[in-house]
Amino acid sequence: MFHERQVNIKSPAEIKIMREAGQINASVLAAVKELLQPGVTTADLNAAAEEVLKSHGCVSPFKGYGRPPFPASITVSINDEMVHGIPHPKRKLKDGDIVSIDCGTIYQGFVADSAFTAGVGEISPVAKNLLEVTEGALHAGIEKMRKGRRTGDVSAAIQKYVESHGFHVTREYTGHGVGKDMHEGPQVPNIGAAGSGILLRPGMTIALEPMVLVGTYETRVLPDQWTVVSADGSLTAHFEHTVAVTEGEPQILTVL
Ligand code: MG
Ligand code: MG
């Protein structure tokens, strides 16, 4: 089903670097979050993110990634746009929008990757619930990121959490190992069966990223070849953290 990339186990020293990368990434996201208000353009958000990255001597792995090369350092995805929205100087935020910001940071050769969704001004009860459930699903997945568990335990926890709240979780887009490359093994789908998949071991660093939709789980890609939207136009949300498996508690690397 998925192309499986190599799983790279990180040393404690490498995880320390990834933790620093994660802190920088968190500070980028915090700066962007501060700016979320009606009238701000999605290009303004990207410029703010680039300023913070630059102040740390860092760049985002998103810029120039893929085909066609992604043109910005963050993705900004509004309402029915689930992930991979391209910042644009004419795209303005409006009161009631929900906005997903995803950013990566390359620091000392390692990548941190995280995302959040937040409201602009006053948002609808369903939007508020969607944000809570998506963030809750991320933490339900993180809770399973323990030595001896399997990737399927993480996937199943995310799926169960989302579906028990009446929403839908993406089939096509997955969490992933992260390290020197933005996308390493193992792939961690947002759906799956407990007890299946790859055994989790200390030193694995994985970006978990539930993407949740109100209407159905079907998505499509816009003609810009990047922006992924819900097929039925319903609201979507996305939360992501880079997390390390340890001998004990899961360690979230992408927090301040
Ligand atoms: Mg991301
Ligand atoms: Mg990711």
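Values in this document were obtained by computation on a predicted structure and should not be read as measured data.

J.: Describe in detail the overall build of the protein, supporting the description with residues and values.
T.: Along the backbone of the protein there are 4 helices and 14 strands. By the compact-globule yardstick of 18 Å for 256 residues, the protein fits well, its C-alpha radius of gyration being 17 Å. With the C-alpha coordinates aligned to their principal axes, the bounding extent of the protein is approximately 45 × 45 × 30 Å. Summing over all exposed atoms, the protein offers an accessible surface of approximately 10900 Å²; the carbon and sulfur share of this is 53%. Charged side chains of the protein number 23 positive and 29 negative; the gap between the two group centres comes to 4 Å.

J.: Kindly report on the coordination of the magnesium ion (ligand 2), identifying the contributing residues and their values.
T.: Listed as protein donors to the magnesium ion (ligand 2) are Asp113 (OD), His176 (NE2), Glu209 (OE) and Glu240 (OE); their distances from the metal cover 2.1 to 2.2 Å. Here the magnesium ion (ligand 2) and the magnesium ion (ligand 1) are spaced 3.2 Å apart, and both take aspartate 113 as a donor. Residue aspartate 113 is located in strand β4 (residues 110–119), and its partner glutamate 209 is located in the loop between β8 (205–208) and β9 (211–213); the two are separated by 96 residues in the primary sequence. Taken as a pair, aspartate 113 and glutamate 209 share a single burial class, namely buried.

J.: Tell me about the sheet that holds strand β2 (residues 81–83), and name the residues and values.
T.: Pairing within the open sheet is antiparallel, and its 3 strands lie in the order β2-β11-β10. Both edges of this open sheet fall to β2 and β10 (219–221), since each of them pairs with a single strand only. The average undirected angle you get between the axes of adjacent strands in this sheet is 40°. Note: β10 against strand β11 (residues 228–230), 3 bridges, orientation antiparallel.

J.: Tell me about the coordination of the magnesium ion (ligand 1), residues and numbers included.
T.: Surrounding the magnesium ion (ligand 1) are the protein donor atoms Asp102 (OD), Asp102 (OD), Asp113 (OD) and Glu240 (OE), which sit 2.0 to 2.4 Å from the metal. On the basis of relative accessible area, aspartate 113 is assigned to the buried category, the value being 2%.

J.: Which residues make up the sheet that holds strand β12 (residues 236–238), and what are the values?
T.: Taken in spatial order, the 3 strands of this open sheet run β5-β9-β12, and their pairing is antiparallel. Every interior strand has two partners, whereas the edge strands, β5 (168–169) and β12, have only one. Relative to β12, β9 runs antiparallel, the two being bridged by 3 bridges. Across the sheet, residue methionine 211 finds its bridge partner in β12, namely histidine 238.

J.: Got a sec to walk through the packing of aromatic side chains? Specific residues and values, please.
T.: Taken as a whole and judged by the stated rule, the model has 1 aromatic pair. Over the ring of phenylalanine 116 we find lysine 33, and its NZ or CZ is 5.1 Å from the ring centre. The ring of tyrosine 217 carries the charged tip of arginine 171 above its face, separated from the ring centre by 3.8 Å.

The rules behind each value
Residues numbered from 1 in each chain as written. Chains lettered and ligands numbered in written order. Predicted model: local features only at pLDDT ≥ 70, side-chain atom pairs only at ≥ 80, totals over all residues. Heavy atoms only, no water. Helix = DSSP H or I, 4+ residues; strand = E, 2+ residues; numbered from the N terminus. Rg over C-alpha atoms; globule rule 2.2 N^0.38 Å. Areas by Shrake-Rupley, 256 points an atom, 1.4 Å probe, with all protein chains shown as cover. Lys, Arg positive; Asp, Glu negative; His and termini not counted. Charge placed at Lys NZ, Arg CZ, Asp CG, Glu CD. Donors = N, O, S within 2.8 Å, 3.2 Å for Na, K, Ca; no water. Buried < 20%, exposed > 50% of the residue type's maximum accessible area, 1.4 Å probe, protein only. Pairing = 2+ DSSP bridges. Axes fitted to C-alpha atoms, helices over the stretch in contact; angles between N-to-C directions. Phe/Tyr/Trp six-rings, centres within 6.5 Å; stacked < 30°, edge-to-face > 60°. Lys NZ or Arg CZ within 6 Å of the ring centre and 35° of its normal.

The quantities given are spatial measurements derived from coordinates; they are silent on function.
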